[in-house]
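Structure at a glance
For reference, the chains in residue letters:
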Amino acid sequence: MSYVRNVANVVATLLVGLRVTLREWFSRSITLQYPEQRWELPRGYRGHPVLLSDEEGKTKCTACGLCVRACPTDVITVKGAKGEDGKRVATEWVLDMSRCIQCNLCVEACKFDALAMSDRYELACYRREDLLYDMDTLLELGRGDGVAAITVGDKL
Amino acid sequence: MTSAKQELHREEMVINMGPQHPSTHGVLRAVVTLEGETVRGVDPVIGYLHRCFEKICEQKTWTQVIPYTDRTDYVAALTNELAYVLAVEKLMGLEVPERAQYIRVIMAELQRIASHLLWFGTFGNDLGAFTPFLYAFRERETLIDIFEKTTGARLTYNYIRLGGVRNDLPADFERETLAFLEKLEKGLEEYHNLLIGNAIFEYRTKGLGVLTAEQAVAWGASGPTLRASGVAWDLRKSEPYLVYDRFDFEVPVGQKGDIYDRCICRMKEMEESAKIVRQALEGLPEGDVVGKVPRVIKPPQGQAYAAVEAPRGELGCFVVSDGGIKPYRVKWRSPCFVHLQLLDVIARGELVADFIANIGSIDIILGEVDR
Ligand code: SF4
Ligand code: SF4
């Protein structure tokens with residue numbers, strides 16, 4: 001007899017669970033039809049670092065190398081030269097995206113507002129070489145939307 | 001009948017469970033000795049996720065270590081950062097502004113909820129109930145969105161910094177968090193209806209995987225695994241760090257130390273964490289979020305140990321400095337590593353089908369065990 005009661009008990013509790021299922025069935029669906037629909041990313045989402053440019057569209061980077069030293073995975077390569085006005089500017093700025101851990105430490109290190117984080121997240125590509133982002137690519141991405149530089153002590 | 005007196009042929013069988021078993025929460029290999037269906041011994045084999053974390057730390061500057069700590073216990077990244085940062089701050093004698101301390105408490109407690117939600121989902125899964133997984137992830141998703149807004153990342157936050165936190169909370173943080181906590185309350189009720197109160201669940205967890213208080217203490221268990229055995233030891237209460245002594249909360253303890261008690265402890269802990277977050281949000285002082293930190297971080301020669309109550313237990317970090325820009329040594333005391341050894345204690349003599357429940361009940365993260 002107690003066996004039958006056990007089974008009845010199990011069935012009863014299962015039904016309690018199914019009531020929830022039925023309720024959810026008729027409530028609004030929250031599925032997002034990616035890639036047709038996309039979610040809104042918050043400001044400051046860390047996709048990967050990009051370079052910011054000044055009003056003339058030139059890089060603000062002075063090739064000081066602070067970001068290179070701050071990066072935990074050693075993925076930044078910067079080369080600079082003296083520009084026409086005598087100030088140093090970067091001539092080469094390469095980010096090896098295959099090893100970047102998107103930690104934001106480079107952005108925090110930069111004292112010239114030359115770096116920011118982009119909210120780009122579709123980073124897949126067919127060739128590993130494509131993961132090396134050069135200066136022009138990074139400057140171009142830096143002019144797009146969803147770019148924010150959040151450093152230590154900032155208010156959001 | 002003479003044959004009845006003759007001994008039946010018995011033989012123990014050794015099987016490998018994992019390392020790619022879906023129920024082992026990562027890549028754990030357990031060498032299980034079976035006699036029929038009964039477990040006679042468990043020998044966990046670890047190391048599949050070993051990434052030389054401690055050695056890598058010696059190669060990085062003090063700040064660069066923080067993103068690496070995220071990757072040990074990857075479902076509770078903020079607590080890892082906290083343990084490391086507290087240890088280094090202790091060594092350097094850094095002052096942390098009050099607002100930053102409150103934010104740290106809020107984030108650590110939200111992280112505990114997120115981690116327990118993940119545990120709840122996967123544990124249901126282990127027992128063959130898939131639905132709770134989806135429910136738990138629904139709530140966790142809201143929380144992860146809050147983290148994403150605050151820290152910029154969904155899993156590896158890199159948010160806590162030496163001397164404070166990276167940035168202040170976003171404008172609608174309080175509103176969203178309170179809304180989440182309300183949602184969580186409803187969610188928890190639902191979870192109880194859905195899984196914890198389910199008869200099958202009770203049959204599969206009550207009286208199984210018992211860990212007595214003496215055993216738990218002797219093996220160095222901590223966190224919910226220890227408290228379920230009836231030992232009220234919680235670092236937030238017994239050795240308060242940050243500003244935990246200002247909040248009013250309970251430490252849930254179990255009685256029997258079985259799988260069921262461990263589950264209930266974690267469920268109640270989520271409620272307590274919600275309480276702490278509410279109080280901290282109420283008392284959140286204004287001010288800076290980072291204190292005065294030297295430009296180049298060079299802690300003086302010496303060593304320091306800091307421990308925090310992570311979702312899984314006592315997470316300790318021991319750092320040694322030789323006065324340079326890089327740590328001389330970083331040692332990680334991970335609760336999961338200790339708990340994994342309990343498997344043999346709690347699963348011995350029980351059925352192999354309950355072994356999965358036993359693994360789930362101690363809530364191990366292999367990334368933290370192997371690191
Ligand atoms: S985000 Fe981190 S890993 Fe990536 S380039 Fe910047 S410092 Fe290096
Ligand atoms: S820290 Fe800024 S200015 Fe210096 S090299 Fe890096 S990007 Fe350029």
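Residues numbered from 1 in each chain as written. Chains lettered and ligands numbered in written order. Predicted model: local features only at pLDDT ≥ 70, side-chain atom pairs only at ≥ 80, totals over all residues. Heavy atoms only, no water.

Next up on the list: the overall build of chain B. A tally of regular secondary structure across chain B gives 15 helices and eight strands. A compact globule built from 371 residues should have a C-alpha radius of gyration of about 21 Å, and chain B, at 22 Å, falls within 12% of that. Put simply, chain B has 371 residues, and 60% of those count as buried. Contacts in chain B between residues far apart in sequence, at least 24 positions, make up 72% of those at least 6 positions apart. Counting every atom, chain B has about 14700 Å² of accessible surface; 53% of that belongs to carbon and sulfur. (Helix = DSSP H or I, 4+ residues; strand = E, 2+ residues; numbered from the N terminus. Rg over C-alpha atoms; globule rule 2.2 N^0.38 Å. Buried < 20%, exposed > 50% of the residue type's maximum accessible area, 1.4 Å probe, protein only. Contact = heavy atoms within 4.5 Å. Areas by Shrake-Rupley, 256 points an atom, 1.4 Å probe, with all protein chains shown as cover.)

With 33 residues of chain A at the interface, the matching set in chain B holds 33 residues. By the criterion of area lost to chain B, the three top residues of chain A are A:Arg46, A:Pro72 and A:Leu156, representing 23% of everything that side buries. Inspection of the chain A/chain B interface yields three salt bridges. Here B:Glu190 ties to A:Arg23 by a salt bridge, and the two come within 2.6 Å at their closest N and O atoms. The tally of links from chain A across to chain B stands at 12 residue pairs in polar contact (both at pLDDT 80 or more). Counting only elements with at least two residues in the side of chain A that touches chain B, the list comes to helix H1 (2-25), helix H2 (66-70) and helix H3 (105-109) of chain A. Sort the elements by how many residues they give to the side of chain A that touches chain B and H1(A) lands first, with nine residues. (Buried area = accessible area lost by both parts, 1.4 Å probe. Salt bridge = Lys/Arg side-chain N within 4 Å of Asp/Glu carboxyl O. Polar contact = N/O pair within 3.5 Å; in protein donor to acceptor, adjacent residues only side chain to side chain.)

With that settled, the discussion passes to the site of ligand 1. Around ligand 1 there are 14 residues in total, and A:Cys71, A:Cys100, A:Ile101, A:Cys103 and A:Cys106 lie nearest to it. In the shell around ligand 1, the residues fall into 11 nonpolar, three polar and no charged. (Near = heavy atom within 4 Å. Nonpolar A, V, L, I, M, F, W, Y, C, P; charged D, E, K, R; others polar.)

Bringing the packing of aromatic side chains into the picture now. All names here are of chain B. Within the structure shown, the criterion is met by 15 aromatic pairs over all chains. Taken together, a centroid distance of 5.2 Å and an interplanar angle of 75 degrees make the contact between Phe53 and Trp332 edge-to-face. Of this pair, Phe53 sits in helix H1 (residues 53-57) while Trp332 sits in strand E8 (residues 329-333), and the two are 279 residues apart along the sequence. Taken as a pair, Phe53 and Trp332 share a single burial class, namely buried. Put simply, the rings of Trp119, Phe120, Phe123, Tyr191, Phe201 and Tyr260 touch in pairs and so form one group of aromatic residues. Just above the ring of Tyr260 sits the side chain of Lys206; from NZ or CZ to the centre is 4.6 Å. The residue whose ring lies beneath Lys237 is Phe249, and the NZ or CZ to ring-centre distance is 4.1 Å. (Phe/Tyr/Trp six-rings, centres within 6.5 Å; stacked < 30°, edge-to-face > 60°. Lys NZ or Arg CZ within 6 Å of the ring centre and 35° of its normal.)

Bringing the site of ligand 2 into the picture now. The environment of ligand 2 is made up of A:Cys61, A:Thr62, A:Ala63, A:Cys64, A:Gly65, A:Leu66, A:Cys67, A:Trp93, A:Cys110, A:Phe112 and A:Leu115. The class makeup of the residues in the shell around ligand 2 is nine nonpolar, two polar and no charged.

This part covers the confidence of the model for chain B. Per-residue confidence for chain B gives a mean pLDDT of 87, with 97% of residues at or over 70. Both confidence scores are given for the complex: pTM 0.86, ipTM 0.79. (pLDDT = per-residue confidence, 0-100.)

With that settled, the discussion passes to the environment of A:Ala109. Residue and element names in this part refer to chain A. Tracing the backbone through its elements, the reader meets Ala109 in helix H3. A C-alpha to C-alpha distance of 9.4 Å links Ala109 and Gly65, two positions 44 residues apart in sequence. Apart from residues lying up to four places away in sequence, Ala109 is in contact with Leu66, Cys67 and Ala70.

This part takes up the nonpolar core. Among the nonpolar cores identified, the biggest contains 89 residues, and B:Tyr84 and B:Val319 are the most heavily contacted of them. Ranked by residues supplied to this core, first place goes to helix H4 (residues 98-126) of chain B with 13 residues. (Core = buried A, V, L, I, M, F, W, Y, C linked by side-chain atoms within 4.5 Å.)

Residue and element names in this part refer to chain B. Pairing in this open sheet of three strands is antiparallel, and the strands run E1-E2-E3 from one edge to the other. Edge positions in the sheet fall to strand E1 (13-17) and strand E3 (38-45), since each has one partner strand and no second. Ignoring which end each strand starts from, the neighbouring axes of this sheet average 25 degrees apart. For E1 and strand E2 (residues 29-35), the ladder comprises five bridges, and the chain directions are antiparallel. If you follow Met17 over to E2, its bridge partner there is Ala30. (Pairing = 2+ DSSP bridges. Axes fitted to C-alpha atoms, helices over the stretch in contact; angles between N-to-C directions.)

This part takes up a nonpolar patch on the surface. Together, A:Tyr3, A:Val4, A:Val7, A:Val11, A:Leu15 and A:Leu18 make up an exposed nonpolar region whose accessible area comes to about 590 Å². Classification of A:Tyr3 by relative accessible area gives exposed; the value is 62%. (Patch = residues over 30% accessible without salt bridge, like charges linked within 9 Å, V, L, I, M, F, W, Y side chains within 5 Å.)

Note: strands within a sheet are paired through backbone hydrogen bonds, in either parallel or antiparallel orientation. Residues and elements named next belong to chain A. Strand order in the open sheet formed by three strands is E2-E3-E5, and the pairing between neighbours is antiparallel. Taken across any chain shown, the strands that pair with only one partner, and hence form the sheet edges, are strand E2 (76-82) and strand E5 (132-133). Along the sheet, helix H4 (residues 135-142) contacts strand E3 (88-96) and E5; its crossing angle with E3, the most-contacted strand, is approximately 90 degrees.

Looking along a regular strand, one sees side chains alternate from face to face of the sheet. Residue and element names in this part refer to chain A. A two-sided burial pattern is seen for strand E4 (residues 115-118), the buried positions comprising Leu115 and Met117 on one face and Ala116 and Ser118 on the other. Where strand E1 (residues 48-51) lies against E4, four bridges are found, and the strand directions are antiparallel. Across the sheet, the residue bridging to Pro49 is Met117, located in E4. Sheet topology note: the E4/strand E6 (residues 147-148) ladder contains two bridges and is antiparallel. Note on E6: the bridge partner recorded for Met117 is Ala148.

What follows covers unusual backbone geometry. The omega angle of the peptide bond from A:Tyr34 to A:Pro35 is 5 degrees, so this bond is cis rather than trans. Looking at the element boundaries, A:Pro35 is found in the loop between H1 and E1. You will see that A:Gln102, though not glycine, has its phi angle at about 55 degrees, which is positive. Within the secondary structure layout, A:Gln102 lies in the loop between E3 and H3. Here B:Leu242, not a glycine, exhibits a phi torsion of approximately 45 degrees, which is positive. Mapped onto the elements, B:Leu242 comes out in the loop between helix H10 (235-238) and helix H11 (259-283).

Right, let's get into helix H3 (residues 77-92) of chain B. Residues and elements named next belong to chain B. Given a rise of 1.5 Å per residue, 16 residues ought to cover 22 Å, and the 23 Å separating the end C-alpha atoms of H3 matches this to within 8%. Extensive coverage of H3 is indicated by the burial of 15 of its 16 residues. Phi turns positive, to about 65 degrees, at Gly93, one or two residues after H3. (Expected span 1.5 Å × (residues − 1).)

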